[in-house]
Amino acid sequence: MTMGWAGFAAVFAGFFLTHSIPVRPGVKARLVGLLGRRGFGLAYSALSLAMLALLIRAAGAAPYLPLWYQAGWHRQAAQAGMLAVCLALAFSIARPNPFSFGGARNDAFDPHRAGILRWTRHPILLALALWAGVHMLANGDLAHVILFGVLGGFAIAGQWLIDRRKRRDLGPAHWAALDSARRAAPRLQPPLSRRGAILRGLAGLAAFAALLLAHPYVIGVAVV
C-alpha cells in the first residue's frame, strides 16, 4: 500500500478525532448510555488500538524521505525499550493513582508505599513517551519522525496538563501534600503484595512476547 501526504494527514486527523471522544462529555455520555461503562471501555480500547495500527501503517505507506538510516543497535534499543514499556504498563495500569489517568481505587493510595509512582506521577504517559522515542529512533524517515514525535510530544505535554487538572480537582493543598509524601517515600521498597507483583511482572513479559509475535501481522514489520 502506498499513500500520499494528504492520505497520511487524513488518517492522522481521524486518529485525533477518535481520541477526542473521552474529553467530549456529551458524546461520551451518549455512548456510555448505549453501551454501558464497561462496554464503552472495551469498545473505545479496541477502537484506539485499531486507529493506532492504521496510523502506523499509514506512516509506512507515506512517501519515504530518510532523515537517518537504521543502525543495527537501533532495533536492539527499541526491543529493550519496549520491554521496559511493557513492564511499566503492567505495574501501572489499574492501580491506585490519584495523580494521573488510569487509576483504580484511588482512595486506597498510600503515598508512603507509592511503588512505581515514587519515580513518576505519570508512569503510563512516561511509558507512552518511551514507546514513541524508541520507535522514532528505529524509524528515521520523515513520516515516522512526525508520527512518533507528535505522539511522544503529546505524552510529555499531557503530564503537565493532567497535573494542572488534578491540582484543581483535589485542591492545591491536598495535591501538594500527597505529592510531597510520595517523593519522600523510599525509592526502593517491598511490594504490597508479592503475588501481585509477580503476576504483574509476568503480564508485562507476556505482553512483550505478544507484541513481538503480533508486530509483523498488525503493523506489517517484523521485529526480530
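Worth saying up front: this structure is predicted, and the values here are computed from it rather than measured.

Cut-offs applied
- Residues numbered from 1 in each chain as written.
- Predicted model: local features only at pLDDT ≥ 70, side-chain atom pairs only at ≥ 80, totals over all residues.
- Heavy atoms only, no water.
- Axes fitted to C-alpha atoms, helices over the stretch in contact; angles between N-to-C directions.
- Helix = DSSP H or I, 4+ residues; strand = E, 2+ residues; numbered from the N terminus.
- Parallel < 35°, antiparallel > 145°, perpendicular 65-115°, else oblique.
- Left-handed = near helix turned anticlockwise from the far one by under 90°.
- Contact = heavy atoms within 4.5 Å.
- Nonpolar A, V, L, I, M, F, W, Y, C, P; charged D, E, K, R; others polar.
- Salt bridge = Lys/Arg side-chain N within 4 Å of Asp/Glu carboxyl O.
- Buried < 20%, exposed > 50% of the residue type's maximum accessible area, 1.4 Å probe, protein only.
- Phe/Tyr/Trp six-rings, centres within 6.5 Å; stacked < 30°, edge-to-face > 60°.
- Lys NZ or Arg CZ within 6 Å of the ring centre and 35° of its normal.
- Core = buried A, V, L, I, M, F, W, Y, C linked by side-chain atoms within 4.5 Å.

*Asks:* Would you mind showing me how to read the packing of helix H2 (residues 25–35) against helix H3 (residues 37–61) here?
*Replies:* When two helices pack together, their arrangement is given by the angle between the helix axes and the distance between those axes. The contact between H2 and H3 brings their axes to 6 Å, and the two run at 110°. By the angle class used here, H2 and H3 are roughly perpendicular. Remark: the crossing between H2 and H3 carries right-handed chirality. Every residue of H3 that contacts H2 at Lys28, Leu31, Val32 and Leu35 is listed here: Arg37, Gly39, Phe40 and Ala43. Within the contact of H2 with H3, the residues separate by chemical class into five nonpolar, one polar and two charged.

*Asks:* Looking at this structure, I do not really get the pattern of salt bridges. What am I missing?
*Replies:* Where charged atoms from two side chains of opposite charge come close, those side chains can pair. All told, the structure shown has four salt bridges when counted by the stated rule. Salt-bridge contacts for arginine 182 lead to aspartate 179; the nearest nitrogen and oxygen are separated by 2.7 Å. In this pair, arginine 182 and aspartate 179 are both assigned in helix H7 (residues 172–184), three residues apart and thus about one turn of the helix distant. Like arginine 182, the residue aspartate 179 is buried in the burial classification. The salt bridge involving aspartate 179 is made with arginine 183; its shortest N-O contact spans 3.2 Å. You can see aspartate 179 and its partner arginine 183 sitting in helix H7, four residues apart, about one turn around the helix. Residue arginine 183 is classed as partly exposed on the basis of its relative accessible area of 44%. Through salt bridges with shared partners, one network takes in Arg121, Asp163, Asp179, Arg182 and Arg183.

*Asks:* Just to check I follow, could you spell out unusual backbone geometry for this structure?
*Replies:* It is generally the case that most residues other than glycine have a negative phi and that most peptide bonds are trans. Although it is not a glycine, alanine 94 sits at a positive phi angle of roughly 60°. Turning to its location among the elements, alanine 94 is positioned in the loop between helix H4 (72–90) and helix H5 (123–138).

*Asks:* Got a minute to help me understand the packing of aromatic side chains in this structure?
*Replies:* How two aromatic rings sit relative to each other is given by the distance of their centres and the angle of their planes. Counted under the stated rule, the structure contains nine aromatic pairs. For the ring pair tryptophan 5 and phenylalanine 8, a centre distance of 6.1 Å and an interplane angle of 65° mean the geometry is edge-to-face. With tryptophan 5 and phenylalanine 8 both in helix H1 (residues 5–18) and three residues apart, this pair spans about one turn of that helix. Seen in terms of ring centroids, phenylalanine 15 and phenylalanine 16 are 5.6 Å apart; in terms of plane orientation they differ by 80°. Their pairing is edge-to-face. Note on phenylalanine 15: relative accessible area 6%, which makes it buried. Taking relative accessible area as the criterion, phenylalanine 16 reaches 32% and is therefore assigned partly exposed. Between the NZ or CZ atom of arginine 167 and the centre of the ring of tryptophan 175, over which it lies, the distance is 4.1 Å. Stacked on the ring of phenylalanine 99, the Lys or Arg arginine 182 has its end atom at 5.8 Å from the ring centre.

*Asks:* Explain the nonpolar core here, please?
*Replies:* Side chains of a nonpolar character, in soluble globular proteins, are inclined to be buried together. With 29 residues, the main nonpolar core has Met3, Phe8, Leu55, Met82, Trp131 and Leu147 as its most contacted residues. Elements supplying a minimum of two residues to this core: H1, H3, H4, H5 and helix H6 (142–170). Sorting elements by how many residues they give to this core places H3 first, with seven residues. For phenylalanine 8, the residues in contact, after removing those within four places along its chain, are Met3, Leu55, Ala58, Ala59, Ala62, Ala143, Ile146 and Leu147. In terms of nonpolar packing, the next biggest core, distinct from the first, is built from six residues, Phe99, Phe109, Trp175 and Leu178 among them.

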